[in-house]
Amino acid sequence: MVDPIISARGVDIFYDTKQALFDVDLDILPNKVTALIGPSGCGKSTFLRAINRMNDLIPSCRVSGSLTIDGQDIYDPAVDVVALRAQVGMVFQKPNPFPKSIFENVAYGLKIHKLSPSKSELQDRVEWSLQNAGLWNEVSDRLDQPGNSLSGGQQQRLCIARAIAVQPKVILMDEPCSALDPIATAVVEDLIDSLRKEYTIVIVTHSMQQAARISQRTAFFHLGTLVEFGDTKTIFTTPKDERTQNYITGRIG
Amino acid sequence: MSIRLTTTAAVALLTVAAPALARDQINIVGSSTVFPFSTTVAERFGKSTNFKTPVVESTGSGGGLKLFCAGVGEKFPDITNASRRIKSSEVERCATNGVKDIVEVMIGFDGIAFANSTQAAQMSLSLRDIFLALAKNVPNGDGTTQPNPYSTWNQVNPELPEVKIEVLGPPPTSGTRDAFAELAMEGGCKSFDWIKALKKSDKPAYKSLCHTLREDGAYIEAGENDNLIVQKLQANSAAFGIFGYSFLEQNSDVVQGSTVNGVAPEFEEIAGGNYPIARSLYFYVKKAHIGMIPGIQEFLGEFTAEDTWGDEGYLADKGLIPLSTSERKVWADKIDALIPLDM
Amino acid sequence: MIDLTKKAGFGLDQRHRAEQRFQWAGKLAIATSLLFLLVMVGSIVTDASGVLRQTQIAVDLDLGPENVNPSNPQAASYGRIVKSSLRDMFPEVTRRKDKKRLYNLVSPEGSFEIAAMVTDNPALLGSVQTLWLTASDDLDLFLRGKVDISLPPKQRRISDAEITWIKILEDGGQLRRVANWGFLSSGDSREPEIAGILSALIGSAFSLAVCFALSFPIGIGAAIYLEEFAPANRISDLIEVNINNLAAVPSIVFGLLGLSVFLGVMGLPRSSPLVGGMVLALMTLPTIIIAARAALRSVPPSFKEAALALGASPVQAVFHHVFPVAMPGMLTGAIVGMAQALGETAPLLMIGMVAFIVDIPDSVLEPATALPVQIFLWADSPERAFTEKTAAAIIVLLIFLICMNLIAILLRRKLEQRF
Amino acid sequence: MENTHIVKKFDKNLDKLKARILEMGELVLHQVEDATAMLGAFDPVEVDRILQLDLTVNGLHKEVHDRAELLITRRQPLAVDLRQTLAPINIAGELERIGDHAKSTAKRGRILCRSSTEETVLEMIRQMSTKVQEMLFDVLIAYTNDDIELAAKVRMQDKEVDTLNKNLVKSVINILDSQASGNSESLIQLTLVSRNFERIGDHACNIARYVHQISTGEDLKASI
């Protein structure tokens, strides 16, 4: 049995007095795509953002329980959130390239973390990231163009390239394809599948089919609780919990 | 990048400012009436000597004296202009702030014109006419007063034309307004014997009766800008305006001064002391600053030169009504000797 | 069949009419405001046109050794030389009063002009020279037809005798009209014919430079902190309310503050553009802060989020991504504030910048006035010729404003990023 | 499922699919019954009707297939929905095979009529027919009601059919051994008919497995 890379034990998350997540226990295995599904407001995005502490941006948000990455509690006061986020990258729902050139977009993380001391190294690293994000062939001749001159799907892949440039252990994706057309979605999904070899990916999605297609493990959240978690195949063919069944088959439960 | 630049610039500016440079030009404040004369002298002084041109601020007589009396030192003005004499209360205040020796200079007269458009007939008024036309309350014949009932000039005095009373004048903040109230209004006011008697028995009541202008729209506050009043008179030939003699002189093609008590607001008449609505103009010098700020004494010399304030001097061209030759002599001697004010 | 040309039935007639009415109303509104603008600018330009040229008068001056000591030409009384020359030109003038009028044809500046010419070119000394001197404002106004000679002599500034002299001079080719560069290159004067705008222009420029240097970094800094870092609590709310209130405080109040703090406590020099700029900076700060915060708020939060998710610190996220995008908007706010500051006189009054200042300031510490103050002072001057100076000064102010806006637009262009 | 889909059309589509299966099942059931009747009293007109009926069954088979395909395209069913969509394809296949066996049985009736028939064997056949009809009926009910217990019962009954078939074969061998056979052809035909019914039982049993799978997701193919 492989050791989990991310491990949640009894995680409760509150916004002020309102509890958004109840006692979540969840183990995320390395080099797997884990999909978080569930109806809106079920807490899946809250949980995702708890993993790289993006919840810190919301002053009223409070996390209790233990959430560890590689055995370290990320809410330990000694943990530097900047170091954490360098290890846990994130890709957002809407492609959000910086209003800079394609090159600068990818190089940004490398620059702030001082990962590529020389210019040629930086260039190599940017190329490597774009290659791995499957974007190199499309943009290699226009790296100095603004990132937002790309199409939606390309932009999202640029964001993925930007995230992998700093070589994180984990990449969190918050509905990365919801703003993309099916072709772009397919390309990104393919990319996610290929990234699995190097990274651990946690993805929030509203598309059951997408979860079924790209993930190996699926967690179903409902009303702030983790209802069911297991192999994607099982969740989508023979879910154990009736709430899961009702949700994935589109029933009123 | 840009933010760094501007910050450096700001820091640089502030550090430069810290050791304030010694002031090397005369600083004059005070009356807006004296301002045109003071500035003319300042300019000539700056051009004809090696001293810097004095800086002249128009702050009004009261404001000027307040600044002037605030203390001794580079931070405080050297000279203040006044369209009235310094008050004893002001001298006291000066003294408490260490401003002890003040040299008084009377530079000439200013007439206040009561004028209308040249399109209309020239008026011949008495001070009593002016008072009755503009006072808030007027005597009703039996020793009491009533709110001003007059709406046309012929109601005030049957010899005057049947023209609506409409007078444009400066607001209460103006020295010209104070002088007008004191010279014209009060002059007309005390032509009533019982009111004159009131001055002795009840001075506040007397003052309030004589100095209060009506507020029913017959007197219109037209702002401090005398040019504006002149323009409005051109547009409305029925209206009268109250402003300084220099504006009348400069605009004699469009406005004419009414005769007051039979005397026209003309240079000679004001200089001769015949025109009733005329006041003296002064400036005051801080003796302690002489020697500290370069050029004050020389500036006084320029001001009291015959070429400047004499009958043919350039200030006369600017509308200043000069003192008489003998008075000039007296004042010039006092100034030469820097004899401090003694009240 | 569908009738696509059908007008009735959907209230189409009425709807089209309403639309037409609105469009016409809009066009009318624009036309009206344009008309007002045109009238305003037109009248100012017409008034100001007189400033473009000035009249000069040719005078034969005896600069011989008996009048001017060649070793010390500065000590000579050029005023007397001018007067005697004028007397020579019109020997029939004998009465004292008439002589004075005669002397009045030449600007009082004339004697200083001779002194300057002699210093520049000592070769002029020793003989009789014909020099062009600035004519007086009255002469200038008369030549330009601004004096109504149909009025009785008592009611005009130019007497019949003067008109005769002017005609003689004109016929003798002794009058000319030249471009009036002096208006742009000299300081204020009590003589309208030589009064210039430069000291006020430089004063304004200095003040605004100080104002910008102080208010922009401080305002932007405050805005960034308040918008991006300040915790949302009662103190922040209080500060926000106060900033909004400050923006509405009458500007004179800032003048009073400047008087008591900058002049009183800090002892900075009175009438100086430094203090003026500082006071204007106080006045402009709220505007800049409010505009800058609005600009920051309009930046999509996704940029900041993306940067944070990459491991940028909050300060890095703000300064690398939010700030550059908000910069053009901040600049616009700053320019609006500066334009406001440019037009202010009230606060300057309290700190002594509403003053007659001839000398052109070399630094922010020397006394200076500002463009609106100059306009105010000239508008309040008795001499008729100052009317057109006032108009010209307004135009200079407008041009200054246009330049400022132009710079802002150029900066924006440069900084603006598409996203 | 008492929980209905948010998309009501989805439920209707599934219901229609089910209805087609039941319709098909009913036809097949009649085919089996009628074909059994043909064994004792051959009627060429009736046989033709039975053969004709097979075409209708085939048509329904295709319809079920098409409907399921469309449902998958449109709704991308998951979990129980997916099984409810996929199972009818298989069930229809099984039913179609049952129809084929019925057809084959009816055809054999013609040969059996031409010679004397061993009544005891025929009786055994009738028993088998009754049994498989019962199974078929039950499994359709189980399918209709998602009744996995009834489906389990059907699976158990398959053994009875197998036993009957074995007994029949034994009987036929005995008859053939004991006497010089005059009607060996009819005996062999009967054996083949018996074989048909044994197959029908198997198909019914398969259907029962699908019924179980729909409800539980459990595939019983490997076990009973």
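Worth saying up front: this structure is predicted, and the values here are computed from it rather than measured.

*Asks:* How should I be thinking about the overall build of chain C in this particular structure?
*Replies:* Helix and strand counts for chain C come out as 16 helices and four strands. Relative to its length of 419 residues, chain C is extended, with a C-alpha radius of gyration of 30 Å against a globular reference of 22 Å. In terms of overall dimensions, chain C has C-alpha extents of about 95 × 70 × 35 Å along its principal axes. For chain C, the residues scored as buried account for 48% of the 419 residues in total. Pairs at least 24 apart in sequence give 75% of the contacts found in chain C among residues at least 6 apart. When the accessible surface of chain C is summed, it comes to about 19900 Å², and 64% of that surface belongs to carbon and sulfur atoms.

*Asks:* Explain the side chain of T152 of chain B here, please?
*Replies:* All names here are of chain B. Locating T152 in the fold gives a position in the loop between strand 7 (145-147) and helix 6 (153-156). On the accessibility criterion, T152 (14% relative accessible area) is buried. In this structure the side chain of T152 is engaged in a polar contact, spanning 2.6 Å, whose partner is the side chain of N154. Not counting chain neighbours up to four residues away, the residues in contact with T152 comprise E162, V163, K164 and I165.

*Asks:* Before we go on, may I ask you to explain the domain arrangement of chain C in this structure?
*Replies:* How large an interface is tends to be reported as the accessible area lost when its parts come together. All names here are of chain C. The domain boundaries assigned to chain C delineate domain 1 (56-93 + 100-178) and domain 2 (198-415). Across the boundary between the two partners, domain 1 contributes five residues, which contact four residues of domain 2. When the area that domain 1 buries against domain 2 is broken down by residue, the three leading residues are D137, L141 and R144, summing to 86%. At the boundary of domain 1 and domain 2, one finds one salt bridge. Here R144 makes a salt bridge to E388, at a shortest N to O gap of 2.2 Å. Across the domain 1-domain 2 interface, the total number found is one residue pair in polar contact (both at pLDDT 80 or more). By residue class, the composition of the side of domain 1 that touches domain 2 is one nonpolar, no polar and four charged.

*Asks:* Help me understand the pattern of salt bridges, please; the structure alone is not making it clear to me.
*Replies:* Between side chains of opposite charge, a pair can form as their charged atoms come close. Following the criterion strictly, the structure yields 56 salt bridges over all chains and no others. When the shortest N-O distance is used, the salt bridge between R328 of chain B and D311 of chain B registers 3.3 Å. One end of the pair, R328 of chain B, is in helix 16 (residues 325-336); the other, D311 of chain B, is in the loop between helix 14 (306-309) and helix 15 (314-317), and 17 residues separate them in sequence. Residue classification places D311 of chain B among the partly exposed positions, given a relative accessible area of 37%. Taken together, the shared-partner salt bridges in this structure form one network comprising R44 and K318 of chain B together with R190, E191 and E383 of chain C.

*Asks:* I'm lost on the interface of chain C and chain B in this one. Help?
*Replies:* Tallying the contact residues gives 55 residues for chain C and 54 residues for chain B. Of the roughly 4500 Å² buried at the junction of chain C and chain B (both faces included), carbon and sulfur atoms supply 54%. If you look at where chain C meets chain B, you find seven salt bridges. Among the ionic pairs, K318 of chain B bridges to E191 of chain C, the shortest N-O distance being 3.4 Å. Our count for the chain C to chain B interface comes out at 19 residue pairs in polar contact (both at pLDDT 80 or more). Contributions of two or more residues to the side of chain C that touches chain B are made by helix 3 (96-103), helix 8 (198-229), helix 10 (251-265), helix 11 (273-297), helix 13 (314-342), strand 4 (355-356) and helix 15 (371-379) of chain C. Here the side of chain C that touches chain B takes six residues from helix 8 of chain C, the largest share from any one element. Of the residues that constitute the side of chain C that touches chain B, the class distribution is 31 nonpolar, eight polar and 16 charged. In this structure, strand 2 (residues 55-57) of chain B lies alongside strand 4 of chain C, joined through two bridges in antiparallel fashion. Its bridge partner lying in strand 4 of chain C, V56 of chain B is registered against F356 of chain C.

*Asks:* I'm lost on the packing of aromatic side chains in this one. Help?
*Replies:* Given two aromatic rings, one states the distance between the centres and the angle between the planes to describe the pair. Counted under the stated rule, the structure contains 19 aromatic pairs over all chains. For the pair F47 of chain A and F221 of chain A, a centre-to-centre distance of 5.8 Å together with 35 degrees between the ring planes defines the contact as tilted. Residue F47 of chain A is found in helix 1 (residues 44-51), and its partner F221 of chain A is found in strand 9 (residues 217-222); the two are separated by 174 residues along the sequence. When its relative accessible area of 1% is taken as the criterion, F47 of chain A is described as buried. Given a relative accessible area of 0%, F221 of chain A falls into the buried group. Taking the centre distance of 5.9 Å and the plane angle of 80 degrees together, the rings of F299 of chain B and F303 of chain B count as edge-to-face. Residue F299 of chain B and its partner F303 of chain B are located together in helix 13 (residues 296-303), separated by four residues, close to a single helical turn. Here K27 of chain C stacks its cationic end above the ring of W24 of chain C, 5.0 Å away from the centre of that ring.

*Asks:* Sorry, what's going on with the state of the cysteines here?
*Replies:* In a disulfide, the sulfur atoms of two cysteines are held together by a covalent bond. Residues and elements named next belong to chain B. The final tally for this structure, using the stated rule, is two disulfides over all chains. Linked covalently through their sulfurs, C69 and C94 form a disulfide whose S-S length is 1.8 Å. Its S-S torsion of approximately -65 degrees makes the covalent link between C69 and C94 left-handed. You can see C69 sitting in the loop between helix 3 (61-68) and strand 3 (79-82) and its partner C94 sitting in helix 4 (residues 88-96), a full 25 residues away along the chain.

*Asks:* Help me understand the sheet that holds strand 2 (residues 128-134) of chain C in this model?
*Replies:* Pairing between sheet strands relies on hydrogen bonds along the backbone, with the strands arranged either parallel or antiparallel. Residue and element names in this part refer to chain C. As summarised here, the arrangement of the three strands in space is 2-1-3, forming an open sheet in which the pairing is antiparallel. Each having just a single partner strand, strand 2 and strand 3 (175-179) make up the two edges of the open sheet. Going from strand to strand, the sheet's axes swing by 35 degrees on average, the running direction of each strand aside. Helix 2 (residues 78-89) rests against strand 1 (53-62) and strand 2 of the sheet, and its axis sits at about 85 degrees to strand 1.

*Asks:* So what exactly am I meant to see when it comes to the sheet that holds strand 9 of chain A here?
*Replies:* All names here are of chain A. With mixed pairing, six strands are arranged side by side in an open sheet as 6-7-8-3-9-10. A strand with exactly one partner marks an edge of an open sheet, and here the two such strands are strand 6 (88-91) and strand 10 (225-231). The average angle at which neighbouring strand axes cross in this sheet is 20 degrees, direction not considered. Alignment of strand 9 against strand 10, held across six bridges, turns out to be antiparallel. Bridge pairing in strand 10 links T218 to G230.

*Asks:* Help me out: how do you make sense of the interface of chain C and chain A in this one?
*Replies:* Contact residues are listed per partner, giving 18 residues for chain C and 24 residues for chain A. Regarding the contact of chain C and chain A, the summed buried area is about 1800 Å², with carbon and sulfur atoms giving 64% of it. Taken as a group, E305, A309 and L310 of chain C account for 35% of the area that chain C buries against chain A, more than any other trio of residues on that side. Along the contact surface separating chain C from chain A lie six residue pairs in polar contact (both at pLDDT 80 or more). Take the side of chain C that touches chain A: its biggest share by element is seven residues, from helix 12 (residues 301-309) of chain C.

Rules behind the numbers
- Residues numbered from 1 in each chain as written.
- Chains lettered and ligands numbered in written order.
- Predicted model: local features only at pLDDT ≥ 70, side-chain atom pairs only at ≥ 80, totals over all residues.
- Heavy atoms only, no water.
- Helix = DSSP H or I, 4+ residues; strand = E, 2+ residues; numbered from the N terminus.
- Rg over C-alpha atoms; globule rule 2.2 N^0.38 Å.
- Buried < 20%, exposed > 50% of the residue type's maximum accessible area, 1.4 Å probe, protein only.
- Contact = heavy atoms within 4.5 Å.
- Areas by Shrake-Rupley, 256 points an atom, 1.4 Å probe, with all protein chains shown as cover.
- Polar contact = N/O pair within 3.5 Å; in protein donor to acceptor, adjacent residues only side chain to side chain.
- Domains from an automatic or database assignment.
- Buried area = accessible area lost by both parts, 1.4 Å probe.
- Salt bridge = Lys/Arg side-chain N within 4 Å of Asp/Glu carboxyl O.
- Nonpolar A, V, L, I, M, F, W, Y, C, P; charged D, E, K, R; others polar.
- Pairing = 2+ DSSP bridges.
- Phe/Tyr/Trp six-rings, centres within 6.5 Å; stacked < 30°, edge-to-face > 60°.
- Lys NZ or Arg CZ within 6 Å of the ring centre and 35° of its normal.
- Disulfide = S-S within 2.5 Å.
- Axes fitted to C-alpha atoms, helices over the stretch in contact; angles between N-to-C directions.

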